[in-house]
Every structure is written in structure tokens, then in C-alpha cells.
Protein chains: 2
Amino acid sequence: MAGPEAQEIMALRDLNVIERNEAGIAAAVGILKQRFGERFQTGKALREQHAHTTTYIPVQAPDGVAFPDSAEEVKDIVRVCADHRVPVIAFGTGTSLEGAVNAPGGGISLDTSRMNRILEVNPQDLDCTVEPGVTRQQLNDHLRDTGLFFPIDPGANASLGGMASTRASGTNAVRYGTMRENVLSLKAVLADGRLITTGKRARKSSAGYDLTRLFVGAEGTLGIITSLTLKLAGIPQAISGGVCPFPTLEQASEAVIGTIQMGIPVARIELVNALQMRAFKNYSKIDYPESPCLFVEFHGSDASVAEQAESFGEIAAEYGGGPFIWTSVAEERAKLWKARHDAYWSSLTLRPGAKGLSTDVCVPISRLAECIAETEQDIAEFGLIAPIVGHAGDGNFHTMILMDMNDPNEIERAEEFCARLNARAQRMDGTCTGEHGIGQGKIGFIEGEIGEEGVDAMRAIKRALDPDNIMNPGKIWPIRG
Amino acid sequence: MAGPEAQEIMALRDLNVIERNEAGIAAAVGILKQRFGERFQTGKALREQHAHTTTYIPVQAPDGVAFPDSAEEVKDIVRVCADHRVPVIAFGTGTSLEGAVNAPGGGISLDTSRMNRILEVNPQDLDCTVEPGVTRQQLNDHLRDTGLFFPIDPGANASLGGMASTRASGTNAVRYGTMRENVLSLKAVLADGRLITTGKRARKSSAGYDLTRLFVGAEGTLGIITSLTLKLAGIPQAISGGVCPFPTLEQASEAVIGTIQMGIPVARIELVNALQMRAFKNYSKIDYPESPCLFVEFHGSDASVAEQAESFGEIAAEYGGGPFIWTSVAEERAKLWKARHDAYWSSLTLRPGAKGLSTDVCVPISRLAECIAETEQDIAEFGLIAPIVGHAGDGNFHTMILMDMNDPNEIERAEEFCARLNARAQRMDGTCTGEHGIGQGKIGFIEGEIGEEGVDAMRAIKRALDPDNIMNPGKIWPIRG
């Protein structure tokens, strides 16, 4: 069923072969073993775990895993790799969905888990500085008594270095922005071992190129982030949230569009289809109707939250939604969002033994309902099992294709479905990836999005900062030409 | 009075000499004259006007001014310049404060004023696409009936291409962000004449390097922007604004800090010192006390605006401010903000014949009061006339030094004052430029801010995309090493 064009696009990923530099790898492994002792490991299980991501893409393990304690040690590792022209791949928590931590040419995985210090919290300035291995939950636990929180929430308890590198976002992005908007500055070790600082703590700056934004989303291909200064938000005076069922997914999408266009400053507005609601019931034991739903949350003063909820309720009713089931109790709200965060795991219960392939398109909000409707038709037409969840307020939604990896025909159909979905989103002036990154999985689609000229510009920047291509090679764009 | 170190820093600017390529310039001028006819001008007055900016930096005129109509013509001009290794400098409205449109090695000024079409407005998606010569007032006039507006407001009626290139912001940035947050994507002609598209209209994307943000703030050194897709905001249901006097500038600064830290979503909060209030009285005929003031504006629903105003009033009173003089009438509000926008021109009335040098530091909000207090002391100590205005909610403020250009000693004192101010801001973890850009004026300060490694990374990116250094050469960083 896969057309020749889709096959070609998907195949680009598999063609992205990085040749192994065996002599260099052996030398680097030897030096790092001696220098880092127990903090450099070469056991197979550990190496494979460091290439394993929550993805269906086959594992390509690194040759060794280093556990640096400091930026100085990161410099040291990168210099060894540079001297021997060996790939170095930063690793956070391994929750990438696109094979971003795979090592197609082998090399060294640089595990940042020991670099997990919160270096500075400046409550007066609503910012903090952390090492890259700090996870978002760790940061929020640490901030608990300050009245502040870090709002970016991709679901997984990812590392902040990894979140920056994939330009992650998640449920709160519609109100608080993505990692793009919430990293004030960072430090990174470049391919030549030099440590770069991209800026100060000022809220805005016009001092030259935006190096911060260049590293955010670069997927570790330009350098290894060793610290990040992040914006924080005040915990709102009032938070309320609820679930609103709709007769159809299209009506739910229309209600999202109406909510955004009315300018309601909703903090979260998540679209869930009926199949995913069943998965939530199975896995998270929450009791809501098995019909398409919106999960919403409002932040603000007591008055503003009430006003927002009322306006949203009116819009939802206009599109046939309701009743609007509220959970003002914090514990119930937590349960609701825990279910949402576990969407990946709960969807896997719908087909035990299957592997999940999560799509990630993001379109202008006016095209959202149409894009989702065509995608649902495709799911039926291709005979796939694929629940839908989405950060609909941004125009971003995921289908989680549950694949029997022993059925090549099904895998082929899934890939054809993805190719059509990504092309559809791009045709609608959207992107194939709202928040997961290109990694290996979407390499075939980036040229369709920004053209050969754009990809060439990325390649030129990459060559300028990493001429030997040692920083996470084989990611983001096809190797050719 | 200028210490040797400050002299060295300021001198870097003057050392940034770009050698003139006389033969190339003559050839390019000849070709462009033939190709563009009346739309290529070489008259002295026009050329000087195209290097003239609202700045004290001496004029360095280009050799000719081209007026392209389209991206195709921009490609054409850039290709001619590339073939002959001739500088090409994009020009919007000439309101740069840092010599960004000067032509230190001569070359061609590319005036975007004819590229002033609003290509697309998508009210449902809250975005629009414009050519670079469209000014912000033109865009807002065009949007009038849509219920939307473009919130970035640097005061001057600048072109949107220029605003993107300097990463401009202004009074609304505290609520709506800067050009960094409000350009969704753009098209630009690179130094090799190829047209690049940086992305689609999706609100967020993780598709490779953030080329959009790389061009925003690049001051035309990487390419010529030929169109921009911008975020728009809904015109708030209610707007109210007012002026609140304070006994001292420090108390006013403290009130700003309190307002931001309380999380009041103020749309504008502008600091004005007593001397600037006098200038407003002179020039704009507004009738307020000649004491330090905050100009504030609140956007939201009727209820939310009232709530914000009440909270602000309480904080102001805590710091000795008041009475809070309100102007709920739209015309009065317009007069107030017109005065604020004309700050540059009104301050010049304080010393007829003087030239103005506007500083632009931006510090973390917790350091704002301290930074302003030390700066006020310096103004007195150096015997300068320098009113202060600031986008205080971001920690950004300007001193407008009024200089007698016939008094070398005064110029030297002013430069020493600037060097101290910029170093102070950087020491406080802030920037020497919150929104004006580096241009030529602040070339001596960028290494103090992001280090040699950061500047080297910028140079490497520049070389990768513009190996012959034809795109606005001699800006942003010192030529050396």
C-alpha cells in the first residue's frame, strides 16, 4: 500500500549510515576507561539502554557510556572524542521518540544523569540555573516552597538538557510557551572542547546572534549543553480543570479553535479521542465517558479562572459539548493529568505486545479540525489501531500507531500513513514535528518542510561548528548531496 | 576622565574598518544602474540619508541605493554584489540607534520601502505575512477591522524587517514579548543569492535548527529578509492606563519590581525620570508633575483590568507612589503614549543643538533599582545631561545623553559613562543592549558579555553563510584575531 514516494522518504532514514571509525573508537574507549574508571561503562545492556528510546526505531548502541560530573569533564570527554574523530551523543533520560540518542556510527554516549545540580534559583527574577541532567519533576519539587514552577511539561519526566535539545513543549505550551521561549541562556561544550556561554540572565537582549535559540532544538548536533538558565512562572493563585465530552472529535476540535480565537488564556487544552479515553480507563482507572473529550485547565486569580471557565463552557456547548465535569479538588486534578501524562503507556495496553509510533504534526489552528478529520479517515482506511491525543491549543496532535512489529505489511501501512500525515500537515502550512524533534525518524520529511535551501543552511552551520561531524551525527537531515 | 580600558573598548568600534573594493563597487554600481534605472540612485544626499540613523555615530554612506520591488529583485541585487564582492546593507526606515545601516566599506544600500505589501492576514490563526518594508503602524492600520493588532512597539514607526533584524521590542514587550517571540517564520536571501524559508505557520516546531531566531537579531549580516510571518494578538476587551508619580526614581523602580514579582500581567510599565517628564511637558504638552513617574497600561477583560489596576495601586502606594492619575478615555491614553513614543525627540529639546546617545542596558529585574541608582550617580559625577526612560518591566532602561558634539571632552566623558554603564549591567548578569542591537556603537562590549568563545561561534556561523563578508560587514563584533 506504500506509494513509491513515501517509500523513498521513509528510506532516507535507513540510508543515513555513519561509517564506524573503529581505530578511533578503540582509542577513545581506552582513554576514557582509564580516565573515568567506574564512570565509564561498556557493558552491552547499559549501552543498549542508552540507545533505547520510547520508539519503534531499532537500537544502535554506542560503544561506551561516560558519566561526567561537571562541565570540565564534559570538555574532557569531547576533547578525547574530537582527537579521535569519534561520535559523542548526549543522553538525558532516554525518552526521545525519534531515535535522537541512537549511535548509528557508534561512539560515546555522554550520560548527564550525574550533572543534576540545581545551581541557582533567583525567585525575585523568576529564573533558575540548572545542570542538564536535572529533570523537570526534580526542579519542580525543588521549587515547591518558592511559589514558582517550571511550566514546560512534555509528559515524560525528561531531563531539562534533553528537553532543550528537542525544543520540547507539552500540555502547558499554549499558555507558557515551549523550551524555545523558556531558556534564557545556556552553556555548551562545542566540538572543539571550548565552553560557550550564550548570554546573561536579562529577560531580553539584542546582543548578536541568538545562540541560545540555536542550541535549543539542535538535538545535540552542535554541542553538549552543560547548564541552562530557565524562566520560571508564579504558581497561579487559582487553578481549576475539568473534562468536557463531545459527540465527535471534529466538534471537540472546533471548540478548541473557538477557545483560542476568543483569546481565552487557557493553560491547557488537550484533545483525546474515544479510543484513548478507553486506554485511560484501562490503565489509569479514571471514570469518564468513552467519547472524544477535551481536558482543560485554567490558571489565574479566582475571578479570572471563573470567567475563563464560564466562557469555555459556553463555547463547548455551542459545539455540542458537555456536560463539563469539574474536578476542583487538587488530588482529582492530579489524577486526571497523571492519566494524560501516561497516555503513551496506557495506549500500549490497547494492544499488548505492540510497539508505538507516535506522530507529531502541528498545524495552524484554523486547519486543526480538517487535519484531524482526514487523519481519522486514514486510520480507518489503513486499518490501523491509533488513538489520538493532542495539545490542541497549539494545533499539535499525536496519533499513537500500535504496530505488530512481526507484520511487515502493517509496518509498511503505518509508514505510509505517517508519510501522508506529515505531508498533509506541511501542505496545511504546518510542521511534521511540533515537539518531538526530527532525530532519525523524520529525516525524510525535513526537506519537504523548509526546502533544500533551509536544510543546506543547517548543514553549513553544522560544518562551521563541528567540521568533523562528531556531535550526534546522522540526525535531523539526510546525508547526501 | 576616560580610563584606558574604556578608551580601548570604545576604540574597537573605530578600528572596525572594512576595506573598500573600488573596482567591484564601480562594476556593481554600473550594472545596477542599468538594471534598475530610476530605482537605483547614487545622489549624495540620498546616499547619506541611507546611512543616517538617529544616532551620534558619524555617517558612512553607501555608494548607491537600490529600491527592489520583490524577493526576485533582492536576489538579483545580492547576486550582483556577490559576483563583485561588494557590501549590501538592508535599509528599512533608518531608525537604528547604533549605526546598523552605515556602510563602513561602502557598497549598496538595499532600501525595502517599496516592498511594503501585506501579503496575507489569517485572523483565525492570529498571524499575518508581510514584506519587510511594511511599518508597524501601517500593519496596525491595516488590521484595524480584524480585532487584532501587532503588539511590538519600539516607539519609532520602524519597518518590520528592521525590527526583526535588531530583535526590537519596546513598551509592550513585558506582556507580549519581543520580535524574538513574535516572528513565526521568515524568508531571506542569503549571500549566494538563494532564497531560504525558515519554517511554516505552525505555532511551534521542532524541525531542526531555529533558523527563524537566527535571522531575528542578525542585523542583516546573514541575509536580507524578504518576508515575515508574524504572530498577532487580539485587541483586549478593555484597556486602561495611567500615570503614577513617585518621590524618587528608586522608589518607582522598586514598585516595578514588586509589580512584576507579584505576577500582575501588566501590558506596559514604563519608568520616566523627572528630567524626561520636563521634556514631555515641553514637547508633548502633557500635564503631569515633574517627578519620577511610572506610565502603566493594563489589558484584559473589564474585571481583570480593574483587578490589575487595584493591585498595582496598592504596590505603588507601598513604595510611596501616588496619586495614581487615570485616563480611561482613549484619546487621553493615546496622547500619553504618543508622548512616551516621542521621548527621543522631546529629550532633544532639553538641549537644542545637542546629539543624543541612547544607552540600552537590560538587567535582571532584582538589580534594576540598584543599576538605575548607580547610573544616576554617574550622570551627576560625569556632569552629563541625560534623561532616563525605560521599559522597566523587562529590566531595560535608556539614558539619553545629550552631547555637545563640539566638545571632545564631553564626548569622552559620555563614552566613559557608557562603558561604565554597560560593564555594570553585564556585572549584574544583564546585557549592554536590550533592544537596539550592537551595530557599530556597541562592538566594543559584546565580548564582555558572551566571551570570546561566543563571539567566535558567531563569526563561524557568519563565515559559513557569508564567506565573502558582503552582508552588512563591520557590525556586531570586532574584526580581529
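Residues numbered from 1 in each chain as written. Chains lettered and ligands numbered in written order. Predicted model: local features only at pLDDT ≥ 70, side-chain atom pairs only at ≥ 80, totals over all residues.

S.K.: Which parts of the structure should I look at to understand the overall build of chain A?
M.R.: Each helix and strand in chain A was counted, giving 17 helices and 18 strands. At 22 Å, chain A has a C-alpha radius of gyration in line with the 23 Å of a compact globule built from 481 residues. Overall, the C-alpha framework of chain A stretches about 65 × 60 × 40 Å when taken along its three principal axes. When the 481 residues of chain A are sorted by exposure, 59% land in the buried category. (Helix = DSSP H or I, 4+ residues; strand = E, 2+ residues; numbered from the N terminus. Rg over C-alpha atoms; globule rule 2.2 N^0.38 Å. Buried ≥ 20, exposed ≤ 12 C-beta atoms within 10 Å, placed from the backbone.)

S.K.: What is the right way to look at the relation of the copies chain B and chain A in this model?
M.R.: Each of the two chain copies can be generated from the other by rotation about an axis followed by a shift along it. Aligned on chain A, chain B shows an RMSD of 0.0 Å; the corresponding rotation is 180° and the shift along the axis is 0.0 Å. Such a combination of rotation and displacement between the chain copies is what one expects of a two-fold axis. Here 100% of the contact residues of chain B are again contact residues in chain A; the copies associate through an equivalent surface. (Least-squares fit on C-alpha atoms with pLDDT ≥ 70 in both. Contact = placed C-beta atoms within 7 Å.)

S.K.: Quick question: what am I supposed to make of the sheet that holds strand 12 (residues 238-245) of chain B here?
M.R.: Picture the strands of a sheet paired through backbone hydrogen bonds; they go either parallel or antiparallel. All names here are of chain B. Strand order in the open sheet made by the 7 strands is 15-12-14-13-17-18-16, with antiparallel pairing throughout. The open sheet is flanked by strand 15 (325-326) and strand 16 (355-358), the only strands paired with a single partner. Across 2 bridges, the pairing between strand 13 (residues 268-272) and strand 17 (residues 388-391) is antiparallel. By the bridge assignment for strand 17, Val272 is matched with Val389. Its contacts with the sheet put helix 16 (residues 408-427) on strand 16 and strand 18 (396-403), and the angle it makes with strand 18 is roughly 170°. (Pairing = 2+ DSSP bridges. Axes fitted to C-alpha atoms, helices over the stretch in contact; angles between N-to-C directions.)

S.K.: What is the right way to read the pairing of strand 13 of chain B from this model?
M.R.: One face of the sheet, then the other: side chains in a regular strand alternate in exactly this way. Residues and elements named next belong to chain B. Counting buried positions over the 5 residues of strand 13 gives 5, a clear majority of the element. Side-chain alternation along strand 13 places Arg268, Glu270 and Val272 on one buried face and Ile269 and Leu271 on a second face that is also buried. With 5 bridges joining them, strand 13 and strand 14 (residues 293-300) adopt antiparallel strand pairing. Of the residues in strand 14, the one forming a bridge with Leu271 is Leu294.

S.K.: Which parts of the structure should I look at to understand unusual backbone geometry?
M.R.: Excluding glycine, most residues fall at negative phi; most peptide bonds, likewise, are trans. Across the junction of A:Gly322 and A:Pro323, the peptide omega takes the value -5°, indicating a cis bond. In this structure, A:Pro323 sits in the loop between helix 12 (302-318) and strand 15 (325-326). Despite not being glycine, B:Lys285 has its phi angle at roughly 55°, a positive value. Its location among the elements puts B:Lys285 in the loop between helix 11 (274-284) and strand 14.

S.K.: Would you take a moment to explain the interface of chain B and chain A for this structure?
M.R.: When the parts come together, some accessible area is lost, and that loss is often what is quoted as the size of the interface. Listed by partner, the interface residues are 74 residues for chain B and 74 residues for chain A. Taken together, the elements giving at least two residues each to the side of chain B that touches chain A come down to helix 8 (179-182), strand 9 (195-197), helix 9 (211-215), helix 12 (302-318) and helix 17 (446-465) of chain B. Looking at the side of chain B that touches chain A element by element, the count peaks at 13 residues for helix 17 of chain B. Looking at the side of chain B that touches chain A residue by residue, the classes come out as 27 nonpolar, 29 polar and 18 charged. (Nonpolar A, V, L, I, M, F, W, Y, C, P; charged D, E, K, R; others polar.)

S.K.: What should I look at first to understand the pairing of strand 3 (residues 88-91) of chain B in this one?
M.R.: Residues and elements named next belong to chain B. Going residue by residue along strand 3, you find Val88 and Ala90 tucked away on one face and Ile89 and Phe91 tucked away on the opposite face as well. Bridge analysis of strand 3 against strand 4 (residues 108-111) gives 4 bridges, and the strand direction is parallel. Within strand 4, the residue paired with Val88 across the bridge is Ile108.

S.K.: What is the right way to read the sheet that holds strand 2 (residues 64-66) of chain A from this model?
M.R.: Residue and element names in this part refer to chain A. Pairing is mixed across the open sheet formed by 4 strands, whose spatial order is 1-2-4-3. For this open sheet the edge positions go to strand 1 (40-41) and strand 3 (88-91), each flanked by a neighbour on one side alone. Direction of pairing for strand 1 relative to strand 2: antiparallel, over a ladder of 2 bridges. Its bridge partner lying in strand 2, Phe40 is registered against Ala66. Those strands touched by helix 2 (residues 22-36) are strand 1, strand 2 and strand 4 (108-111), and its axis lies near 40° from that of strand 2.

S.K.: Looking at this structure, I do not really get the packing of helix 10 (residues 249-261) of chain A against helix 12 of chain A. What am I missing?
M.R.: When two helices pack together, their arrangement is given by the angle between their axes and by how far apart the axes lie. Residues and elements named next belong to chain A. Viewed as axis vectors pointing N to C, helix 10 and helix 12 meet at an angle of 140°, and their least axial separation amounts to 9 Å. In this structure, the crossing between helix 10 and helix 12 has a hand that is right-handed. In contact with Ala255, Gly258 and Thr259 of helix 10, helix 12 contributes Phe312, Ile315, Ala316 and Glu318. Of the residues contributing to the contact of helix 10 with helix 12, the split by class is 4 nonpolar, 2 polar and 1 charged. (Left-handed = near helix turned anticlockwise from the far one by under 90°.)

S.K.: Before we go on, may I ask you to explain helix 11 of chain B in this structure?
M.R.: Since the α-helix packs 3.6 residues into each turn, any two residues three or four apart lie on the same face. Residue and element names in this part refer to chain B. Within helix 11 the residues assigned to the buried category are Gln276, Met277, Ala279 and Phe280. The arc that holds every buried residue of helix 11, seen down its axis, measures 155°, which confines them to one face. Where helix 11 is buried, its residues contact strand 13, strand 14, helix 13 (330-341), helix 14 (343-348) and strand 17. Lys285 lies just past helix 11 and shows a positive phi near 55°. (Arc of directions from axis to C-beta.)

S.K.: Please explain the domain arrangement of chain A as it appears in this structure.
M.R.: All names here are of chain A. You can read the domains of chain A as domain 1 (4-113), domain 2 (118-234), domain 3 (238-341) and domain 4 (347-427). Placing the centre of domain 3 and that of domain 4 at their C-alpha centroids yields a distance of 22 Å. The interface is formed by 18 residues belonging to domain 3 together with 18 residues belonging to domain 4. Elements that contribute at least two residues to the side of domain 3 that touches domain 4 include exactly helix 10, strand 13 (268-272) and helix 11 (274-284). For the side of domain 3 that touches domain 4, the element with the highest residue contribution is helix 10, accounting for 7 residues. Of the residues that constitute the side of domain 3 that touches domain 4, the class distribution is 11 nonpolar, 4 polar and 3 charged. (Domains from an automatic or database assignment.)

S.K.: Help me understand the packing of helix 15 (residues 368-381) of chain A against helix 16 (residues 408-427) of chain A in this model?
M.R.: Residues and elements named next belong to chain A. As a packed pair, helix 15 and helix 16 sit with axes 11 Å apart at the nearest point and diverge in direction by 165°. Considered as vectors, helix 15 and helix 16 are oriented roughly antiparallel to each other. Relative to helix 16, helix 15 is oriented so that their crossing is right-handed. Between helix 15 and helix 16, the residues in contact are Cys371, Glu374, Thr375 and Asp378 and Phe417, Arg420, Leu421, Arg424 and Ala425, respectively. For the contact of helix 15 with helix 16, the residue count by class is 4 nonpolar, 1 polar and 4 charged. (Parallel < 35°, antiparallel > 145°, perpendicular 65-115°, else oblique.)

S.K.: Just checking my understanding: could you explain helix 13 of chain B for this structure?
M.R.: Residue and element names in this part refer to chain B. Over its 12 residues, helix 13 runs 16 Å from end to end, which matches the ideal 16 Å to within 8%, given 1.5 Å per residue. Every buried residue of helix 13 is listed here: Leu336, Ala339 and Arg340. Here the buried residues of helix 13 occupy an arc of 105° about the axis, which is enough to place them on one side. Residues Ala330, Glu331, Ala334 and Lys338 are exposed on helix 13 and point more than 90 degrees away from its buried face. Where helix 13 is buried, its residues contact strand 12, strand 13, helix 11, strand 14 and helix 14. (Expected span 1.5 Å × (residues − 1).)

S.K.: How do you make sense of the environment of B:Ile108 when you look at a structure like this?
M.R.: Residues and elements named next belong to chain B. With respect to the helices, strands and loops of the structure, Ile108 is situated in strand 4. Residue class for Ile108 comes out buried when judged on the 28 C-beta atoms lying within 10 Å of it. Measuring from C-alpha to C-alpha, the distance between Ile108 and Gln41 comes to 10.0 Å, with 67 residues separating the pair along the chain. In this view, Ile108 contacts Ala28, Leu32, Pro62, Asp63, Gly64, Ala66, Ile77, Cys81, Val86 and Val88; residues no more than four positions away in its chain are not counted.

S.K.: Can you walk me through the environment of A:Pro87 in this structure?
M.R.: Residue and element names in this part refer to chain A. Looking at the secondary structure, you find Pro87 in the loop between helix 4 (71-83) and strand 3. Distance in space between the C-alpha atoms of Pro87 and Ile411 is 30 Å, their sequence separation being 324 residues. When residues no more than four places from it in sequence are discounted, the contact partners of Pro87 are Ile18, Ala103, Gly105, Gly106, Gly107, Ile470 and Pro473.

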